[in-house]
Amino acid sequence: MTPAWGGPKGVLERGADMSIARIWSIRRPGGNVDTGRRQMGPLWAVILLSAALLAPLAAAQGAAEAGTEPVMAVETIRTGSSSDCDIAVDPNGNPHVCYFDVDSGSLMYATGHRGTWSIEAIAGPGLTGSAFSLAVDAEGNAHVSYVGTYGTSYDDLIYATNKGGRWHHQLIDDAEVLGYTSAAVDGQGSVHISYHTGGSYEDDNLMYATNAGGTWRTEVVDAGQAGYYNAIAIGPNGTVHIAAYAGIGSKPLRHSTNEGGLWSSEDIEGSVWVGSFCSIALDPHGHPRVAASTSDHIGQVDLKHVIRSDGAWSPEIIEHGGYVWGRSIAIDGNDSSHICYRSYADNALMYQTNAGGQWSARTVDLLGSANSCGSIAVSSDGVVHMCYITK
């Protein structure tokens, strides 16, 4: 299957010989096709890419109907062995990417656009895990939560920021932090982090940390069989929303919030939620939306988009019967949802949006043997950004 963006004609094409070279095409409105060919080496090198659709999908579809093509930009950030990545976009529309460098065991940070990327280490070398999350504040400063080693202890929750011009690290929790964390920044620049602690399945807790009061404090959000694959989002009034699985496998997906002043948790819909990873975002009205998957117990897995409004969850199936992995959701200023995920059936990074009024799917790229899930963000002007790994 040839990757294509923007329908059958496509604006992004790649050659079949993945181990030798990458071929891409940018089809510009009213212009010719610009192609480039780059020697990749070494064989099966893992490539971390940033992809930006330089127009909302609805506008892109309108351009295609008018006989023109939207611009699709794909940039190689680095070559080498990488695993996992997260992306955020600052108010100026610049993408920020955090990823784990397997070769050195370092947590890395990259920022830039259109071929000019600045890369630096956040932590390492020597890290053994790759649980991390990236958020960017209104001034373009990066805020990262990650699980690592602080001093002589292990499995710590650590916070890092480059605010002030260089990276600063703080120990947030030295409990046995498991491999899941998520970070967000509110309008006042305060940081909010969800994470997962526990030594056994029955003792697993969904935890929350924030520096909103000037110093860091931690709280138990949901106790006992809670906190797996957590994701956090902050409302305009500072209300916290967290989605997380109550275990691995066929376990409930739960939503936790402090909107009533105290933490409360509830199951999201009655289906059997499966797989790993979920993602949460808030619409312009502060209502949470979650992307996750459910199973019918006979091997069929559905990708679902679930909206909470007036205290009730409304699910809709956006892909039926496939095997999807690593969902990531973002919402634009026009109240449209954007989701990227890995399709094992096509071994590809997929993108779906309802920006045109109904759900529309696009193949972004083939992933090869890389176990990449991708991450998505939308800038204030509606540009969709994704980072992912291919091999």
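Details of the structure are given in the entry above.
Report follows, based on the coordinates.

### A few points about the sheet that holds strand 26 (residues 324-331)
Hydrogen bonds between backbone groups are what pair the strands of a sheet, and the pairing can be parallel or antiparallel. Here four strands make up an open sheet; going across it, the order is 26-27-28-29 and the pairing antiparallel. Either end of the sheet is taken by a strand with one partner, and the two such strands are strand 26 and strand 29 (360-366). The sheet shows a mean angle of 20° between the axes of neighbouring strands, direction not considered. Here strand 28 (residues 348-353) runs beside strand 29; their pairing, made up of six bridges, is antiparallel. Residue Met350 lies in a different strand from strand 29, and its bridge partner there is Thr363.

### So, the sheet that holds strand 18 (residues 240-245)
With respect to topology, four strands assemble into an open sheet ordered 17-18-19-20, the strand pairing being antiparallel. Both edges of this open sheet fall to strand 17 (228-234) and strand 20 (264-267), since each of them pairs with a single strand only. In this sheet, adjacent strand axes meet at a mean angle of 20° when their direction is disregarded. Examined bridge by bridge, strand 19 (residues 253-257) and strand 20 share four bridges and lie antiparallel to one another. The partner of His255 across the bridge, within strand 20, is Glu266.

### Things to note about the pattern of salt bridges
Taken as a whole and judged by the stated rule, the model has eight salt bridges. For the salt bridge of Arg254 with Asp222, the shortest nitrogen-to-oxygen distance reads 2.8 Å. Of the two residues, Arg254 sits in strand 19 while Asp222 sits in strand 16 (residues 217-223), which places them 32 residues apart along the sequence. Note on accessibility: Arg254 and Asp222 belong to one class, buried. Taking the shortest distance from any N to any O, the salt bridge between Asp267 and Arg254 comes out at 2.6 Å. Of the two residues, Asp267 is situated in strand 20 and Arg254 in strand 19; the sequence distance between them amounts to 13 residues. Residue classification places Asp267 among the partly exposed residues on the basis of a relative accessible area of 38%. Members of the salt-bridge network, linked through shared partners, are Asp222, Arg254 and Asp267.

### Quick look at the environment of Ser336
Mapped onto the fold, Ser336 is located in the loop between strand 26 and strand 27 (337-343). Using a relative accessible area of 9% as the deciding quantity, one classes Ser336 as buried. Between the C-alpha atoms of Ser336 and Gln358, which are 22 residues apart in sequence, the distance is 9.9 Å. Contact partners of Ser336, with chain neighbours within four places excluded, come to Arg289, Ala330, Ile331, Asn354 and Ala355.

### A few points about the packing of aromatic side chains
Enumeration over the complete set of coordinates arrives at six aromatic pairs. With a centroid separation of 5.0 Å and 55° between ring planes, the pair formed by Tyr159 and Trp216 is classed as tilted. Of this pair, Tyr159 sits in strand 11 (residues 153-161) while Trp216 sits in the loop between strand 15 (205-210) and strand 16, placing them 57 residues apart in sequence. When the ring of Tyr229 is compared with that of Tyr245, the centres are 6.1 Å apart and the planes differ by 90°; the resulting orientation is edge-to-face. On the criterion of sequence distance, the pair formed by Tyr229 in strand 17 and Tyr245 in strand 18 is long-range, its members being 16 residues apart. Overall, the relative accessible area of 14% leaves Tyr229 in the buried class. Chaining the aromatic ring pairs together yields one cluster made of Tyr180, Tyr228, Tyr229 and Tyr245.

### Looking at the nonpolar core
Of all hydrophobic cores here, the largest spans 17 residues; its most connected members are Cys98, Leu107, Ile122, Val144, Tyr146 and Trp167. Once residues lying within four places of it in the same chain are set aside, the contact partners of Ile122 are Cys98, Leu107, Met108, Tyr109, Val144, Ala160, Trp167 and His169. Among the nonpolar cores identified, the runner-up in size contains 16 residues, and Tyr228, Ile280, Leu282 and Val306 belong to it.

So, how was this worked out
- Residues numbered from 1 in each chain as written.
- Predicted model: local features only at pLDDT ≥ 70, side-chain atom pairs only at ≥ 80, totals over all residues.
- Heavy atoms only, no water.
- Pairing = 2+ DSSP bridges.
- Helix = DSSP H or I, 4+ residues; strand = E, 2+ residues; numbered from the N terminus.
- Axes fitted to C-alpha atoms, helices over the stretch in contact; angles between N-to-C directions.
- Salt bridge = Lys/Arg side-chain N within 4 Å of Asp/Glu carboxyl O.
- Buried < 20%, exposed > 50% of the residue type's maximum accessible area, 1.4 Å probe, protein only.
- Contact = heavy atoms within 4.5 Å.
- Phe/Tyr/Trp six-rings, centres within 6.5 Å; stacked < 30°, edge-to-face > 60°.
- Core = buried A, V, L, I, M, F, W, Y, C linked by side-chain atoms within 4.5 Å.

By themselves, these figures tell us nothing about what the structure is for.
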